[in-house]
Amino acid sequence: MSDALSGSHLDEVKRMVEEFRRPLVRLEGAKLKVAAVAAEAREVRVELSEAAREGVRASSQWVLDSMAKGTDSYGVTTGFGATSHRITKEGGALQKELIRYQKVEFAITNEVKESYSAVKR
C-alpha cells in the first residue's frame, strides 16, 4: 500500500499543500496554481510582483488606447457571454457597473461567511 502513496502525484500534492499553507501568495502574472487560489480563498496576504504590476499597467493602457480609438473590446465596450453582442460607447460606465456588481457580490459572500461562522460556533 505504501507504494501506491509514493511517486510524482504524491510529491505534487505535497507541494500544493506546502503552497497552500504559506501566509503570502505572490502573483507573478504567468502561472496561477490551484494552491494559490485556494490559499487566497482563506484570506492570506496577496501580493502582486513588480513585473506583474507592469503587465497590468500595460494592459490598462492598451484598453484605454483602444477605447479612445473607438475599438470594441469584449467585456470593456461589449456585454459578457450571451450579451456580448451588445455594444456600448460608455465603456467606462460599464466597467464602473461591473465593479459595483462585484462589490455587491463580495458583500453578500462575506455576509454568508459571517452567518455560517456564527452558526458553527
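One can find the structure itself at the top, above this paragraph.
Residues numbered from 1 in each chain as written. Predicted model: local features only at pLDDT ≥ 70, side-chain atom pairs only at ≥ 80, totals over all residues. Heavy atoms only, no water.

**Regarding the overall build of the chain**
Using the following cut-off: Helix numbering and strand numbering both begin at the N terminus, where a helix is a DSSP run of H or I of at least 4 residues and a strand a DSSP run of E of at least 2. Note on contacts: a residue pair is in contact if any heavy atoms of the two residues lie within 4.5 Å.
Of the regular secondary structure elements, the chain holds four helices and two strands. Overall, the chain shows an N-to-C arrangement of helices and strands of α-β-α-β-α-α. Partitioning the intrachain contacts of the chain with sequence separation of at least 6 by distance along the chain shows that 8% fall at a separation of at least 24.

**Overview of helix α3 (residues 50-69)**
Note the cut-off: By this rule, a helix spans an expected 1.5 Å times one less than how many residues it contains.
Across its 20 residues, α3 extends 29 Å between first and last C-alpha, which sits within 8% of the 28 Å expected from 1.5 Å per residue. Phi turns positive, to about 85 degrees, at G70, one or two residues after α3.

**Comments concerning the pattern of salt bridges**
For side chains bearing opposite charge, pairing can occur when the charged atoms are close. What counts, and what does not: We define a salt bridge as a side-chain nitrogen of Lys or Arg found within 4 Å of a carboxyl oxygen belonging to Asp or Glu.
Across all of its chains, the model carries six salt bridges by this definition. The shortest N-O distance in the salt bridge between R100 and E97 comes to 2.3 Å. Taken together, the residues span about one helical turn, with R100 and E97 both in helix α4 (residues 91-120) at a distance of three residues. Taken together, the shared-partner salt bridges connect E50, R53, E54 and R57 into one network.

**Considerations on the side chain of S73**
Rules: Using a 1.4 Å probe on the protein chains alone, a residue whose accessible area is under 20% of its type maximum counts as buried, one over 50% counts as exposed, and one in between counts as partly exposed.
Among the structural elements, S73 can be located in the loop between α3 and α4. Judged by its relative accessible area of 10%, S73 falls in the buried class. Those residues within four positions of S73 in sequence are excluded, and the remaining contacts are W62, S66 and T78.

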